[in-house]
Amino acid sequence: MPSTAVYRLDTICRQFAEAAAQDPFGTVLILPTAHLAREVVHRLDAEGTPLVADAVTTLSGLAARIFENRATVETLISDTESRLVVAHLLAAEPGRFPLLAGTGAVDDLATLFSVLVTRKVDYPAALGDLQSAKSAEIGDLLDAYRRFLDDHALVDGSTLFSWVARRATGFRTVFVYGLFEPVAVEQEFLLALCESAEAFCDIPASSDTDRPCSDVRITERRDRLDEVRAIAQEIRDLIAAGVRPGEIAVAFPDFEPAIPYVEEVFADFGIPYAASSGRALTGSPLVRSLLDILSVPIFGCRREDVAALAASPYTGLSPEIDLLSRESGIVAGAGTWDARLAGLAATLAGEQSLPGTPEHARRRLAAKIAAIESARKDIRSLFADLAALDGSKTIPEHLAAYRSILERRGWPAMPEEGNAAVLEREERDLGAFAGLLESLERFSRVLPERPVPLAEFASLLGLLAAGTRPPRTRNRNAVQVVGLRELAHLQVPSLFIAGLVEGVMPRLTTRLPLATDLETRRLGTRTAADILREERHHFTAALLAGTERLYLSFPAADGTSPLIPSPFLDAVRDEIATVPWGSTDFPASRTFAARNAGARLARGEAAAADADAARRLAVETAHRQGAYASSYDAVLTAESGVVATLADRFGPAAVFSPTALETYADCPFRFYVSRVLGLAPLPAVDRDLTGLERGSLLHRIAFRFYADWRADGNAAVTAACYPDALQRILAIGREEADRFAFASPAWAAERQHLLGSPEAGAGLLERFLCHEAAIAASGFVPDAFEVSFGLPIVPGTCDPGSTPDAVAVPLGDEVVRIRGRVDRVDRLPDGRFLVTDYKTGSTHPGLREIASGRALQLPLYLRALETLTGTPGVAGTYYTLRRGTVQNKPVFRDADLATEFAAFPPSRSGVADVRELVDASLAHVQRYLGGIRSGWFAPRSDPGPCPRYCDFQTVCRFDAMRLLEEEEEP
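Structure report, in brief.

The rules behind these values
- Residues numbered from 1 in each chain as written.
- Predicted model: local features only at pLDDT ≥ 70, side-chain atom pairs only at ≥ 80, totals over all residues.
- Heavy atoms only, no water.
- Helix = DSSP H or I, 4+ residues; strand = E, 2+ residues; numbered from the N terminus.
- Rg over C-alpha atoms; globule rule 2.2 N^0.38 Å.
- Contact = heavy atoms within 4.5 Å.
- Areas by Shrake-Rupley, 256 points an atom, 1.4 Å probe, with all protein chains shown as cover.
- Pairing = 2+ DSSP bridges.
- Axes fitted to C-alpha atoms, helices over the stretch in contact; angles between N-to-C directions.
- Phe/Tyr/Trp six-rings, centres within 6.5 Å; stacked < 30°, edge-to-face > 60°.
- Buried < 20%, exposed > 50% of the residue type's maximum accessible area, 1.4 Å probe, protein only.
- Lys NZ or Arg CZ within 6 Å of the ring centre and 35° of its normal.
- Expected span 1.5 Å × (residues − 1).
- 1 Å grid on protein atoms, 1.4 Å probe; cavity = no way out; pocket = protein on both sides within 12 Å on 5 of 7 lines; lining within 4 Å.
- Points joined across faces, edges and corners; volume = space filled by probe spheres on them.
- Nonpolar A, V, L, I, M, F, W, Y, C, P; charged D, E, K, R; others polar.
- Salt bridge = Lys/Arg side-chain N within 4 Å of Asp/Glu carboxyl O.
- Core = buried A, V, L, I, M, F, W, Y, C linked by side-chain atoms within 4.5 Å.
- Parallel < 35°, antiparallel > 145°, perpendicular 65-115°, else oblique.
- Polar contact = N/O pair within 3.5 Å; in protein donor to acceptor, adjacent residues only side chain to side chain.

### Some details on the overall build of the protein chain
Part 1: Counting its secondary structure elements, the protein chain contains 34 helices and 23 strands.
Part 2: At 38 Å, the protein chain has a C-alpha radius of gyration far larger than the 30 Å of a compact globule built from 970 residues.
Part 3: Its C-alpha atoms give the protein chain principal-axis dimensions of about 120 × 75 × 55 Å.
Part 4: In the protein chain, 75% of the contacts between residues at least 6 apart in sequence involve partners at least 24 apart.
Part 5: As displayed, the protein chain offers around 45100 Å² of accessible surface, 52% of which is attributable to carbon and sulfur atoms.

Listed below in structure tokens is the structure:
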């Protein structure tokens, strides 16, 4: 037997059909939802009942029909357009609404106004002694809003019912079914219909005797994705058992956030579905791209805005703009783009012209320079076009400029082929966006003509896009995906209700926007009991919609946050015998089918057609076990052609930096990816000083200070000359710091840390000079700074003794050509020297890493300088310059120089023979060169964790367990 609710609907539909047959234009049936109205129309049409358009409708639908027929000069505006009015009032008189203007509260204000108007609340008088400056301002804005509507003959969704209540005539017979607790203005409209009609039949929403179907099932799923997958599998099982897709519905109490899961999962399971409502236009990638155009001039051509626009497939801009802007260090400002990109091109051109640059590197650099020039051309053209958008204009003028740039550039660039469903959705979104622009143009004629900034115009477009949903093609033969509140009085043979968690069903938020809990109670809109009663009604109505099978579910967690099931589920369990449902296996999913196929292949159960997949899978099961031995681990020693190419590319003429050789020493695979393949991670973007910039800043200050200091005939900094040295280095520090245009608090703190202040005390530069004076007793005198070899010579940035040629360091029967830049060289009176490397990081290698061949910089720099100067090196130091630590600490030194190094910080750095230590480092270099030239690029052999700074962890197949297992084998 059908439920009593179904019985009442059948009865009222029959009575309506009989009345409509006698008086088709004077009979109307009012239903609670548009979905139910469509179903009733479909049913009556199938029965052959003739109907007048909109004779079966909702209360708001009937109001709109009356307005359309009776309005003379009035115009009905949408909820989005009403928000535009609120936004206009706030922007036009910010001084009148100081507490509300610029707060982004348009949505909240529009919602509050709707509640106050539809419930006929006398605001702010209803607040009594709770009235405040805020409520007075809101009340003033509400009055201004109402006057604006009256002055321009506009009617919004809240005032519509009062307008039509005064004109509700012409209906002889009115049927009302299933309305739940209409608000004040709706009651006014219904009363007017009742008084004017000859017959008025109002059937209540439901009764306590209504019961859901007998087959009710409840399940808990791991998370929202798992919940939708379980629903999809159950639907596929139902369809396989003969249930038609159109007899199945899936409902969510919170509809919009659930749609992305449905789109992903139902496509994976091959389920045809029709959603009752689409996502807002702001969720469309195409529309988002069109709106992002305005962000570029609004925010001063920020790097991220331009990069997002370039990355869009709808603009046709160079896809390399993001990467090149990162490498150029661009942050914002139209004027900086061309200069920074030109600077990057010049740097690459300098690297290309180096004598030691290999031919393959020259070709790669030439291609990149060409890409930079293409990007510069794109950027110049783009910024010239976008300049027409900027500035204050009237809304029609903004629209004209915006449309002009879209037309001139052919945006959006629509693909000619691709996924049919995606192409159809994009065309629908584009049509809706074009309609949105037309709507704004029409509505702008209502608004007073005044210039508005581009940001305000973009905000209006965003408001319209957020409130616009493209029309969707209705398909009664597909699975219906709806909001829970649309289910009232429907009849669905197989119904799934998902997402039943506390806070969503029931949603017990009583507080009004821009009002406290106490103010909300004083206004008397809705109590918690009122809301709970309404939520219980909607939930009960949804349960009653399932006629044969009812599936209820809830996710246990949202990400890492646990969720609590709806208390309504406990009520269902108390009243009805329920059973669990759902599986952990999803055979209908293409994704899970692929995983299962992979598992079968791994077990050797591959069919003939899967032979190629099985072969590729064997790479994992056979070649990535045990010791590194195959090309799948980047061991290319058996590839003769590759080895020949490597031997030529990295042969005797090749130039190496110590950093490159250290990379191979630590992880040959990282060397292969970065130095052989030439891959690099996306450069990070930092709005403040990066670690590299911080190091370069200190290098420049130290170089300029000592270059001037030594040029004036000074030796080491001592206590006697300290005041003069401090004055000089602080002046240089201020000049160098002023080169940066940062304005953030972080940069202010960085600058203070560098230069010091009366509040913060001595800065890094002052502490540096104090340490210099302390180690002056050693006898070592600063002699050369930024000694460069194998790199371009830029006067004023490196030591006069620098050379553009790489240094050929003897290496047994051959030489290794080294390039680099030595930060500092200090000498004893007899010419012996030490090399120093400035460090601004928290860690650096020690003597053990040098002895093991992992740290090569100091030994190779020392031998290179010995080769260049013919004088012996006796030590290598790391000069730490960072917060909390300023010290020049020896890493290795000749053991017989203990007296000279007594002034330095203590360390276990003495070695019997520095030359022997350097020779050992060169022996490691020779071994590394052999590995590079022979094609050995396996991942690192240390089973410890990979360093966090490695840029290639996402593509590396390093497995510590594999190495440990190899060590344990007998």
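### Structural notes on the sheet that holds strand 18 (residues 814-818)
Part 1: In spatial order, the strands read 15-18-17; together these three strands make up an open sheet with mixed pairing. The open sheet terminates on both sides in strands that have one partner only, identified here as strand 15 (655-656) and strand 17 (807-811).
Part 2: Where strand 15 lies against strand 18, two bridges are found, and the strand directions are parallel. Bridge pairing links Val655 to Arg817 in strand 18.
Part 3: The strands that helix 32 (residues 857-869) touches are strand 17 and strand 18; relative to strand 17, the one it contacts most, it runs at about 105°.
Part 4: Contacting strand 15, strand 17 and strand 18, helix 33 (residues 914-934) runs over the sheet at an angle of about 100° to strand 17.

### Concerning the sheet that holds strand 20 (residues 833-839)
Part 1: Pairing in this open sheet of six strands is mixed, and the strands run 16-19-20-21-22-23 from one edge to the other. Since the sheet does not close on itself, it has two edges, and those belong to strand 16 (781-789) and strand 23 (910-911), each with one partner.
Part 2: Running at roughly 140° to strand 20, helix 32 makes contact with strand 16, strand 19 (820-827), strand 20, strand 21 (873-882) and strand 22 (885-894) of the sheet.

### What about the packing of aromatic side chains?
Part 1: Here the structure, examined in full by the defined rule, presents 32 aromatic pairs.
Part 2: Relative to Phe383, the ring of Trp337 has its centre 6.0 Å away and its plane inclined at 90°; by these criteria the two rings are edge-to-face. Placement of the pair is Trp337 in helix 14 (residues 334-352) and Phe383 in helix 15 (residues 359-386), with a sequence separation of 46 residues. Pair check on accessibility: Trp337 and Phe383 agree, each one buried.
Part 3: With 4.8 Å between their ring centres and 5° between their planes, Tyr706 and Phe785 make a pair best called stacked. Remark: Phe785 occurs in strand 16 and Tyr706 occurs in helix 27 (residues 691-711); sequence separation between them is 79 residues. When sorted by exposure, Tyr706 lands in the same class as Phe785, which is buried.
Part 4: For the cation-ring pair, Arg167 lies above Trp163, with the distance from its terminal atom to the ring centre recorded as 3.7 Å.

### Focus on the pairing of strand 21
Part 1: The element strand 21 is extensively covered by neighbouring structure, given that nine of its 10 residues are classed as buried.
Part 2: Across seven bridges, the pairing between strand 20 and strand 21 is parallel. The partner of Phe833 across the bridge, within strand 21, is Gly873.
Part 3: As judged from the eight bridges shared by strand 21 and strand 22, these two strands associate in the antiparallel manner. When the sheet's bridge partners are listed, Gly876 is paired in strand 22 with Phe892.
Part 4: Between strand 21 and strand 22, which follow one another and run antiparallel, lie two residues, and Gly884 among them has a positive phi close to 85°.

### Section: helix 15
Part 1: In this model helix 15 runs 40 Å from its N-terminal to its C-terminal C-alpha over 28 residues, within 8% of the 40 Å that 1.5 Å per residue would give.
Part 2: Looking at the buried residues of helix 15, the elements they touch are helix 11 (285-298), helix 12 (303-311), helix 13 (321-328), helix 14 and helix 16 (395-409).

### Some remarks on empty space enclosed by the protein
Part 1: Applying the stated criterion across every chain yields a total of four cavities of 30 Å³ or more.
Part 2: A volume near 50 Å³ is recorded for the second largest cavity.
Part 3: Along its surface, the second largest cavity is lined by Leu698, Ile701, Ala702, Ile729, Leu764, Leu765, Phe768 and Leu881.
Part 4: Elements with a contribution of two residues or more to the lining of the second largest cavity: helix 27 and helix 30 (764-775).
Part 5: Of the residues belonging to the lining of the second largest cavity, the class tally is eight nonpolar, no polar and no charged.

### A look at the pattern of salt bridges
Part 1: Under the definition given, this model contains 59 salt bridges.
Part 2: In this structure, Asp129 engages Arg522 in a salt bridge whose closest nitrogen and oxygen atoms are separated by 2.8 Å. Taken together, the residues span a long stretch of sequence, with Asp129 in the loop between helix 5 (106-118) and helix 6 (133-151) and Arg522 in helix 19 (residues 517-523) at a distance of 393 residues.
Part 3: The residue Lys134 makes a salt bridge to Glu519 at a minimum N-O spacing of 3.3 Å. One end of the pair, Lys134, is in helix 6; the other, Glu519, is in helix 19, and 385 residues separate them in sequence.
Part 4: A cluster of three or more residues bridged by salt bridges with shared partners is formed by Arg700, Arg704, Glu735, Glu736 and Arg739.

### Things to note about the nonpolar core
Across soluble globular proteins, nonpolar side chains show a tendency to be buried alongside one another.
Part 1: Of all hydrophobic cores here, the largest spans 86 residues; its most connected members are Leu109, Leu141, Trp337, Leu389, Tyr402, Phe457 and Leu461.
Part 2: Ignoring any residue separated from it by four or fewer positions in sequence, one finds Leu389 in contact with Ile293, Leu294, His398, Ala401, Tyr402, Ile405 and Leu454.
Part 3: By size, the runner-up hydrophobic cluster in this structure holds 57 residues, among which are Leu646, Tyr672, Val835 and Val891.

### Comments concerning the packing of helix 15 against helix 16
Part 1: It is the contact of helix 15 with helix 16, at a shortest axis distance of 10 Å, that shows an interaxial angle of 150°. In terms of orientation, helix 15 and helix 16 fall into the roughly antiparallel class. Between helix 15 and helix 16, the contacting residues are Asp378, Ser381, Leu382, Asp385 and Leu386 on the first element and Ile405, Arg408 and Arg409 on the second.
Part 2: In terms of residue class, the contact of helix 15 with helix 16 is made up of three nonpolar, one polar and four charged.

### Regarding unusual backbone geometry
Part 1: Each neighbour pair has its own omega, and for Trp411 with Pro412 the value is -5°, a cis peptide bond.
Part 2: Topologically, Pro412 is positioned in the loop between helix 16 and helix 17 (420-444).
Part 3: Geometrically, the link from Met505 to Pro506 is a cis peptide bond, its omega value of 5° lying close to zero.
Part 4: Relative to the helices and strands, Pro506 is located in the loop between strand 11 (492-497) and helix 19.
Part 5: Located in the positive-phi region is Glu181, a residue other than glycine, with phi close to 45°.
Part 6: As for its position among the elements, Glu181 is in the loop between strand 5 (173-177) and helix 8 (184-196).
Part 7: Using a relative accessible area of 41% as the deciding quantity, one classes Glu181 as partly exposed.
Part 8: You will see that Cys301, though not glycine, has its phi angle at about 55°, which is positive.
Part 9: Its place among the elements puts Cys301 in the loop between helix 11 and helix 12.

### So, the side chain of His88
Part 1: You can see His88 is positioned in helix 4 (residues 79-92).
Part 2: Judged by relative accessible area, which is 8%, His88 ranks as buried.
Part 3: With near-sequence residues (within four places) excluded, His88 lies in contact with Phe148, Leu447, Pro448 and Arg450.

### What to know about helix 33
Since there are 3.6 residues in each turn of an α-helix, residues three or four apart along the chain are aligned in direction.
Part 1: Its 21 residues give helix 33 an end-to-end C-alpha distance of 31 Å, which sits within 8% of 30 Å, the value for a rise of 1.5 Å per residue.
Part 2: Looking at where helix 33 begins, the residue whose side-chain oxygen comes 2.9 Å from the main-chain nitrogen of Arg915 is Asp913.
Part 3: Positive phi appears at Gly935, one or two residues downstream of helix 33, with a value of about 90°.

### Brief notes about the environment of Ile576
Part 1: Within the secondary structure, Ile576 sits in the loop between helix 21 (567-575) and strand 14 (578-579).
Part 2: A C-alpha to C-alpha distance of 14 Å links Ile576 and Glu548, two positions 28 residues apart in sequence.

### Quick word on the pairing of strand 16
Part 1: In terms of residue burial, strand 16 counts as a mostly covered element, since seven of its nine residues are buried.
Part 2: Of the pairings in the sheet, the one linking strand 16 to strand 19 comprises seven bridges and is antiparallel in character. The residue bridging Ala784 from the neighbouring strand is Val825, located in strand 19.

### Thoughts on the environment of Glu486
Part 1: Its place among the elements puts Glu486 in the loop between strand 10 (479-483) and strand 11.
Part 2: Residue class for Glu486 comes out partly exposed when judged on its relative accessible area of 21%.
Part 3: Remark: the alpha-carbon pair of Glu486 and Ala541, spanning 55 residues in sequence, is separated by 9.3 Å.
Part 4: Side-chain polar atoms of Glu486 contact the backbone nitrogen of Gly483, separated by 2.7 Å.

### Notes on the environment of Ile259
Part 1: Assignment of secondary structure puts Ile259 in helix 10 (residues 255-269).
Part 2: When near neighbours in sequence (up to four residues on either side) are disregarded, Ile259 contacts Ala275, Arg279 and Val481.

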